[in-house]
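# A look at the structure
So the chains spell out like this:
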Amino acid sequence: VAMKKIKTGNLPGVVLKYGILILCIVLVLFPIVWLFAGSVKLEKEILQYPPTLFGTKLSWKNFIRIFGTIPMGVYLKNTVIFAGISTLAALLFDSMSGYAFARLRFKGKNLIFIGVLMTMMVPFQVMMIPLFLESHFLGLLNTYAGLILPKMTTAFGIFMMRSYFAALPKELEEAARVDGVSEIGIFFKIMLPLVKPGLMTLGIFHLMNNWNDLLYPLMMTSETRMRTLSAGLALFVGEHATLYYGPQLAGAVVSILPLLVLYIFFQKYFVSSVVSSGIKG
């Protein structure tokens, strides 16, 4: 009887909690549902008033028009190459740098790490012109190398991986050194598998940032054959701002769908990383 009274007494709080959660879910998912629903609606139904969430019939004309108007296949290929290779390279170099700062001893380590952290306070807009001039001087504009090389490591990634490696017990590497394992072997065979959730989380951050980046690809590319999805769609929207609402929605769906699918498959690593890490210094 006492338990029933406690549960009954907590009922308003439970209802309020789940009500707030449901409201938050609706607020987060509604723009995504609207985007997907609008991409398969007829143009006149997108513009009609009062607006409706779903159209009278399913139509794939918007996707046909966006692929026929601009080279979406080329944009998608460039984005996959740029975001994919940049992310993999950043994971490698960020984890190696983070391991060095967390576990190795060398002269000036703390001073160098402070210098790395200080670069996080410099806005990208400050580095745009020097980076563009340097890329132009080296002949890297409108090339995959020009897109990928400046994105192969980040100060945030180094800081994040250092935090993960610093939280691991020292006995692991000490035992491995006693057994004769090399430093490279300790890193790849022992330490790196233990920070897998952190790697997955950092990979999601890097991939999302590179995939959705607009200003950087616009600066580094001026030819259609090298445009990424964000840059290509931005130019398309600028040219046809009041003409093709349906294709614009379809292009946005094509742009976010790979990231959405990827996050669904890897969100367990993201959640476990957020729960267990705490970003220790």
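Residues numbered from 1 in each chain as written. Predicted model: local features only at pLDDT ≥ 70, side-chain atom pairs only at ≥ 80, totals over all residues. Heavy atoms only, no water.

## Here's the deal with the overall build of the protein
To be explicit about the condition: The numbering of helices and of strands both runs from the N terminus, where a helix is a DSSP run of H or I of at least 4 residues and a strand a run of E of at least 2. Taken over C-alpha atoms, the radius of gyration is set against a globule rule of 2.2 Å times the number of residues to the power 0.38. Residue exposure (1.4 Å probe, protein chains only): buried if accessible area is under 20% of the type maximum, exposed if over 50%, otherwise partly exposed. Only heavy atoms matter for contacts: two residues are in contact if any of them lie within 4.5 Å across the pair. In these tables, accessible area is a Shrake-Rupley quantity obtained with a 1.4 Å probe, and a residue counts as shielded only by the protein chains included in the view. By the counting scheme adopted, Arg and Lys are positive, Glu and Asp are negative, and His together with the chain ends is not counted. Lys charges are placed at NZ, Arg charges at CZ, Asp charges at CG and Glu charges at CD.
Within the protein, the secondary structure is distributed over 14 helices and zero strands. In sequence order, the secondary structure elements of the protein are arranged as α-α-α-α-α-α-α-α-α-α-α-α-α-α. Relative to the 2.2 N^0.38 estimate, which gives 19 Å for 281 residues, the radius of gyration of the protein is 24 Å and therefore markedly larger than a compact globule would have. Oriented by its inertia axes, the alpha-carbon framework of the protein measures out at about 80 × 70 × 30 Å. Across the 281 residues in the protein, those meeting the buried criterion constitute 35%. Long-range contacts, defined as pairs at least 24 residues apart, comprise 74% of the intrachain contacts of the protein with a sequence gap of at least 6. When the accessible surface of the protein is totalled, it reaches about 16,900 Å², and 73% of it is carbon and sulfur. Treating the 24 positive side-chain charges of the protein as one cloud and the 12 negative ones as another, the clouds have centres 11 Å apart.

## Points about the environment of P71
Among the secondary structure elements, P71 is positioned in the loop between α3 (61-69) and α4 (72-103). Judged by its relative accessible area of 32%, P71 is partly exposed.

## Quick word on the packing of aromatic side chains
The condition is simple: Within 6.5 Å between ring centres, the rings of Phe, Tyr and Trp (the latter by its six-membered ring) count as paired, and their orientation is classed by plane angle as stacked under 30 degrees, edge-to-face over 60, tilted in between. A ring is scored as having a charge over it whenever the NZ atom of a lysine or the CZ atom of an arginine sits within 6 Å of its centre and within 35 degrees of its normal.
Counted by the stated rule, this structure contains 11 aromatic pairs. Relative to W34, the ring of F30 has its centre 5.9 Å away and its plane inclined at 45 degrees; by these criteria the two rings are tilted. Remark: W34 and F30 occur in helix α1 (residues 2-39); sequence separation between them is four residues, near one turn of the helix. Residue F30 is classed as partly exposed on the basis of its relative accessible area of 43%. Aromatic pair F156 and F205: ring centres 6.1 Å apart, planes at 65 degrees, arrangement edge-to-face. In this pair, F156 sits in helix α8 (residues 155-166) while F205 sits in helix α11 (residues 196-212), placing the two residues 49 residues apart along the sequence. Grouping aromatic residues by their ring pairs yields a cluster made of Y99, F165, F187 and F188. Note that K41 overlies the ring of W34, its terminal NZ or CZ placed 5.4 Å from the centroid. In this arrangement the basic side chain of K151 is found over the ring face of Y216, its NZ or CZ atom lying 4.9 Å from the centre.

## Side note on helix α6 (residues 124-138)
Stated precisely, the cut-off is as follows: Each residue after the first adds 1.5 Å to the expected span of a helix. Note that the bend at a residue is defined as the angle between axes fitted to the seven residues ending at it and the seven residues starting at it.
In this model α6 runs 20 Å from its N-terminal to its C-terminal C-alpha over 15 residues, within 8% of the 21 Å that 1.5 Å per residue would give. Considering bend angle alone, the principal kink of α6 is centred on P130 and spans about 25 degrees. Just downstream of α6, G139 is the residue with a positive phi angle, here 70 degrees.

## Observations concerning the nonpolar core
The condition is simple: To form a nonpolar core, buried Ala, Val, Leu, Ile, Met, Phe, Trp, Tyr and Cys residues must be joined to one another through side-chain atoms within 4.5 Å.
Counting 17 residues, the largest nonpolar core has F63, I66, I70 and M72 as its most contacted members. No other element matches helix α14 (residues 245-276), which puts four residues into this core. Those residues within four positions of F63 in sequence are excluded, and the remaining contacts are S39, V40, A250, V253 and V254. Core analysis: the second largest hydrophobic core is formed by 15 residues, Y99, M160, I186 and F187 among them.

## Some remarks on the pattern of salt bridges
Convention followed: Salt bridge criterion: a side-chain nitrogen from Lys or Arg within 4 Å of a carboxyl oxygen from Asp or Glu.
Using the criterion set out here, one finds five salt bridges in the structure. For E173, the salt bridge identified is with R177, shortest N-O distance 3.2 Å. In this pair, E173 and R177 are both assigned in helix α9 (residues 171-178), four residues apart and thus about one turn of the helix distant. You can call R177 partly exposed: its relative accessible area is 34%. Taking the shortest distance from any N to any O, the salt bridge between E183 and R177 comes out at 2.9 Å. Among the residues examined, E183 registers a relative accessible area of 30% and is labelled partly exposed. Here the salt bridges do not stand alone but share partners, grouping R103, E173, R177 and E183 into one network.

## A few points about the side chain of K151
Quick note on the threshold: N or O atoms within 3.5 Å of each other form a polar contact, as long as, within protein, one can give a hydrogen and the other can take it, and as long as residues adjacent in sequence are counted only when both atoms are side-chain atoms.
Here K151 shows up in the loop between α7 (144-148) and α8. Of note is the side chain of K151, whose polar atom sits 3.1 Å from the side chain of D213. Here K151 is in contact with F82, S86, A90, N209, N210, D213 and Y216, once residues within four sequence places are set aside.

## Observations concerning the confidence of the model for the protein
The test is simple: Each residue carries a pLDDT score, the predictor's confidence in it, ranging from 0 to 100.
Overall, the prediction assigns the protein a mean pLDDT of 85, with 90% of residues at 70 or greater. Confidence drops under pLDDT 50 across residues 1-6; counting only partners more than four residues distant or on other chains, this segment forms zero contacts.

## Some thoughts on the packing of α4 against α11
Basically, it comes down to this: For every element, the axis is a line fit to its C-alpha atoms; helices are fit only across the contacting stretch, and the angle between N-to-C directions ranges from 0 to 180 degrees. Note on convention: the crossing is left-handed when the near helix lies turned anticlockwise from the far helix by less than a right angle, right-handed when the turn is clockwise. Each residue is assigned to one class: nonpolar for Ala, Val, Leu, Ile, Met, Phe, Trp, Tyr, Cys and Pro, charged for Asp, Glu, Lys and Arg, and polar for all the others, Gly among them.
Following both chains from N to C, one finds α4 and α11 inclined at 145 degrees, their axes separated by 9 Å at the closest point. Along this stretch, α4 crosses α11, giving a crossing that reads as right-handed. Here L76, T79, V80, F82, A83, G84, S86, T87, A90, L91, D94 and S95 of α4 come into contact with α11, specifically with L199, L202, G203, H206, L207, N210 and W211. Grouping the amino acids of the contact of α4 with α11 by side-chain chemistry returns 10 nonpolar, eight polar and one charged.

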